[in-house]
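# Descriptive analysis of the structure
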Amino acid sequence: MLEALASEPQLSQRELARRLGLPLSRAHFILRRLIQKGMVKVHNVAESTHKLGYLYVLTPRGLEVRLRLTYSFLHRMAEQHRRMAVRVEALIDERVTRRNGEGGVIGVMLVGEGPLAQAVGDVVRLHPRARLVASGGAAEIALVVDPSVKRPRRDGLEVVELVSG
């Protein structure tokens, strides 16, 4: 809610609720709490031709909380990305070692699309002993990044779920 109000302080409570996917009563309750806690200030816009003419402006305290929440979110996302990259690299290293000792390059197929697939694809592309292959290519590992996509079934193909469905 702080993000939405920071970018569009003129949003009505109804529009705010719709954008956040909340019932209007819940959005009203949260907004009231933010006002009570001194994070948001309400300004009545006198020029408004309708009763919904309010601006919800973040106070310095509200901006500070928003900054801390944003930092916390980015920190969690970076840590999740780091753990995912370590896991993917370990899977590749283990598969290469199991197959032929320390040498060689293996084919890795991504199953699914989206931001996680892009991040995993970047990790695979940067790994010196792996190459990203298309779904019909000579892959030895299939990394499932979307649990709703059908998993490939092929002899010699190890299917690894990176997300649970």
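Right above here is the structure, for reference.
This is a predicted model, so every value here is computed, not measured. Just so you know, the residues in each chain are numbered from 1, in the order the chain's sequence is written. Confidence filtering applies because this is a predicted model: local features only for residues at pLDDT of at least 70, side-chain atom pairs given and counted only at 80 or more, and all residues used for totals across whole chains, interfaces and linings. The basis for the side-chain values is all heavy atoms of the structure; hydrogens and waters are excluded.

### A short note on the overall build of the protein chain
Under the DSSP-based scheme used, a helix requires at least four consecutive residues in state H or I and a strand at least two consecutive residues in state E, with every element numbered from the N terminus. Along its length, the protein chain carries five helices and six strands. Walking the protein chain from its N terminus toward its C terminus, one meets helices and strands in the order α-α-α-β-β-α-β-α-β-β-β. The buried share of the protein chain, reckoned over its 165 residues, is 32%. It only takes one pair of heavy atoms within 4.5 Å for two residues to be counted as in contact. Considering only contacts within the protein chain whose residues lie at least 6 apart along the sequence, 51% involve residues at least 24 apart. Accessible surface for the protein chain amounts to roughly 10600 Å². Of this, 56% is attributable to carbon and sulfur atoms. For every residue, the accessible area (1.4 Å probe, protein chains only) is compared with the maximum for its type, and the residue is labelled buried under 20%, exposed over 50%, or partly exposed between those bounds. Only the protein chains shown count as cover for residues, with accessible areas throughout obtained via the Shrake-Rupley method and a probe of 1.4 Å.

### Describing helix α2 (residues 13-20)
Buried residues of α2: Gln 13, Leu 16 and Ala 17, and no others. All buried residues of α2 lie within an arc of 100 degrees about the axis, which places them on one face of the element. In this structure, α2 carries Arg 14 and Arg 18 as exposed residues pointing more than 90 degrees from its buried face. Immediately beyond the C-terminal end of α2, within one or two residues, lies Gly 21, with a positive phi of roughly 70 degrees. The directions considered for the arc run from the helix axis to the C-beta atoms.

### Some remarks on the sheet that holds strand β6 (residues 158-161)
A pair of strands is considered paired only if DSSP assigns at least 2 bridges between the two. Pairing is parallel in the open sheet, where four strands are placed in the order β4-β3-β5-β6. The sheet terminates laterally at β4 (130-133) and β6, the two strands that pair on one side only. Pairs of neighbouring strands in the sheet enclose a mean axial angle of 30 degrees, with direction left out of account. One ladder, built from four bridges, connects strand β3 (residues 106-111) with β4; its direction is parallel. Each bridged residue has a counterpart across the sheet, and for Val 108 the counterpart in β4 is Leu 132. Against the sheet, helix α5 (residues 115-126) touches β3, β4 and β5 (141-144), its axis set at about 140 degrees to β4. Note on definitions: angles span 0 to 180 degrees between N-to-C directions of axes, and those axes are lines fitted to C-alpha atoms, for helices only across the stretch in contact.

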